[in-house]
Amino acid sequence: MRETVYETYSPEETRELGKKIGERANPGDVYTLNGELGVGKTTFTQGIAEGLGIAEPICSPTFTIVQVYEEGRIPFYHFDVYRIGNVEEMDEIGYEDYFYGDGLCLIEWADLIGEILPEECHEVLIEKDLEKGFDYRRITIREN
Ligand code: ADP
Ligand code: MG
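Residues numbered from 1 in each chain as written. Chains lettered and ligands numbered in written order. Predicted model: local features only at pLDDT ≥ 70, side-chain atom pairs only at ≥ 80, totals over all residues. Heavy atoms only, no water.

Here the focus is the overall build of the chain. Helix and strand content of the chain: four helices and seven strands. For the chain, the sequential pattern of α-helices and β-strands runs β-α-β-α-β-β-α-α-β-β-β. In terms of overall dimensions, the chain is globule-like: its C-alpha atoms have a radius of gyration of 14 Å, near the 15 Å expected for 144 residues. Each of the three principal axes of the chain carries a C-alpha extent, and together these read 45 × 30 × 30 Å. Considering the chain as a whole, with its 144 residues, one finds that 47% of them fall into the buried category. Look at the contacts in the chain between residues 6 or more apart in sequence, and 64% of them connect residues 24 or more apart. Here the chain displays about 7700 Å² of accessible surface, and carbon together with sulfur accounts for 45% of that area. (Helix = DSSP H or I, 4+ residues; strand = E, 2+ residues; numbered from the N terminus. Rg over C-alpha atoms; globule rule 2.2 N^0.38 Å. Buried < 20%, exposed > 50% of the residue type's maximum accessible area, 1.4 Å probe, protein only. Contact = heavy atoms within 4.5 Å. Areas by Shrake-Rupley, 256 points an atom, 1.4 Å probe, with all protein chains shown as cover.)

Here it is in structure tokens:
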């Protein structure tokens, strides 16, 4: 296991970190994203999309659970499972095609579906620390 901690002081910096990851990502990579509401998960995701070469705007796929973008270097599967009721809903979507597919799969609020996450994934945790400022974020990436 490898753990790397990044610190950002603006949304642009968080986006830039995501962009670097998107540029280097390989087909089949899975990124799980956790952290409280408004901490910067979607901001980070927008950077990843940019790094993959996706020009169209990324928003949180609140009502669809997964949004698929095909225009980048590799496919991008963006999940936001915040509103999911139970794991069976993931079966209905056919999540395994995405989790074990040939694109980059990113899951916001991944802890809510912990029981079905693949063993090999890049775990991203974004946290605030108000003592270090309103726009400060600590971003911990753990690779299994
Ligand atoms: P989430 O998807 O986790 O709910 P969003 O990315 O939608 O969060 O929103 C994050 C909010 O926090 C945005 O309004 C963004 O401008 C703000 N923000 C302030 N500082 C940062 C930072 N360092 N990194 C990311 N977002 C930040
Ligand atoms: Mg979000």
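Once you've had a look at it, read on.
Okay, the coordination of the magnesium ion (ligand 2) next. Taken together, Thr42 (OG1) and Glu108 (OE) make up the full set of protein donors to the magnesium ion (ligand 2), lying 2.2 to 2.6 Å away. Here Thr42, found in helix α2 (residues 41-52), pairs with Glu108, found in strand β5 (residues 104-108); they are 66 residues apart in sequence, far enough to count as distant. Using a relative accessible area of 1% as the deciding quantity, one classes Glu108 as buried. (Donors = N, O, S within 2.8 Å, 3.2 Å for Na, K, Ca; no water.)

Take the site of ligand 1 next. Taken together, 16 residues lie near ligand 1, and Thr14, Gly38, Lys41, Thr43 and Asp135 sit nearest. At a separation of 3.1 Å, an oxygen atom of ligand 1 approaches a polar backbone atom of Gly40. The side chain of Lys41 places a nitrogen or oxygen atom 2.7 Å from an oxygen atom of ligand 1. In terms of residues, the shell around ligand 1 owes the most to one element, α2, which gives three residues. Of the residues assigned to the shell around ligand 1, the class counts are four nonpolar, seven polar and five charged. (Near = heavy atom within 4 Å. Polar contact = N/O pair within 3.5 Å; in protein donor to acceptor, adjacent residues only side chain to side chain. Nonpolar A, V, L, I, M, F, W, Y, C, P; charged D, E, K, R; others polar.)

Here the focus is the nonpolar core. Phe44, Ile48, Phe76, Leu104 and Val124 are the most contacted members of the largest nonpolar core, which has 21 residues in total. Counting residues per element, the ones that place at least two in this core are α1 (11-24), β2 (30-34), α2, β5, β6 (122-128) and β7 (137-143). With four residues, α2 is the largest single contributor of residues to this core. Setting aside residues up to four positions removed in sequence, Val124 forms contacts with Tyr31, Thr32, Leu33, Asn34, Phe44, Ile139, Thr140 and Ile141. Of all hydrophobic cores here, the second largest spans 19 residues; its members include Tyr95, Tyr98, Ile113 and Ile116. (Core = buried A, V, L, I, M, F, W, Y, C linked by side-chain atoms within 4.5 Å.)

With respect to the helices and strands, Gly101 occurs in the loop between α4 (95-99) and β5. Linking Gly101 and Gly28, residues 73 residues apart in sequence, is a C-alpha distance of 5.6 Å. In contact with Gly101, other than residues within four places in its own chain, are Gly28 and Glu96.

Okay, the packing of α1 against α2 next. Taken N-terminus to C-terminus, the directions of α1 and α2 make an angle of 40°; their axes are 6 Å apart at the nearest point. As the angle between them shows, α1 and α2 are arranged oblique. The interaxial crossing formed by α1 with α2 has right-handed handedness. Taken together, the residues of α2 that come into contact with α1 (itself represented by Pro11, Thr14, Arg15, Leu17, Gly18, Lys19, Ile21, Gly22 and Glu23) are Thr43, Phe44, Gln46, Gly47, Ile48, Glu50, Gly51 and Leu52. For the contact of α1 with α2, the residue count by class is six nonpolar, seven polar and four charged. (Axes fitted to C-alpha atoms, helices over the stretch in contact; angles between N-to-C directions. Parallel < 35°, antiparallel > 145°, perpendicular 65-115°, else oblique. Left-handed = near helix turned anticlockwise from the far one by under 90°.)

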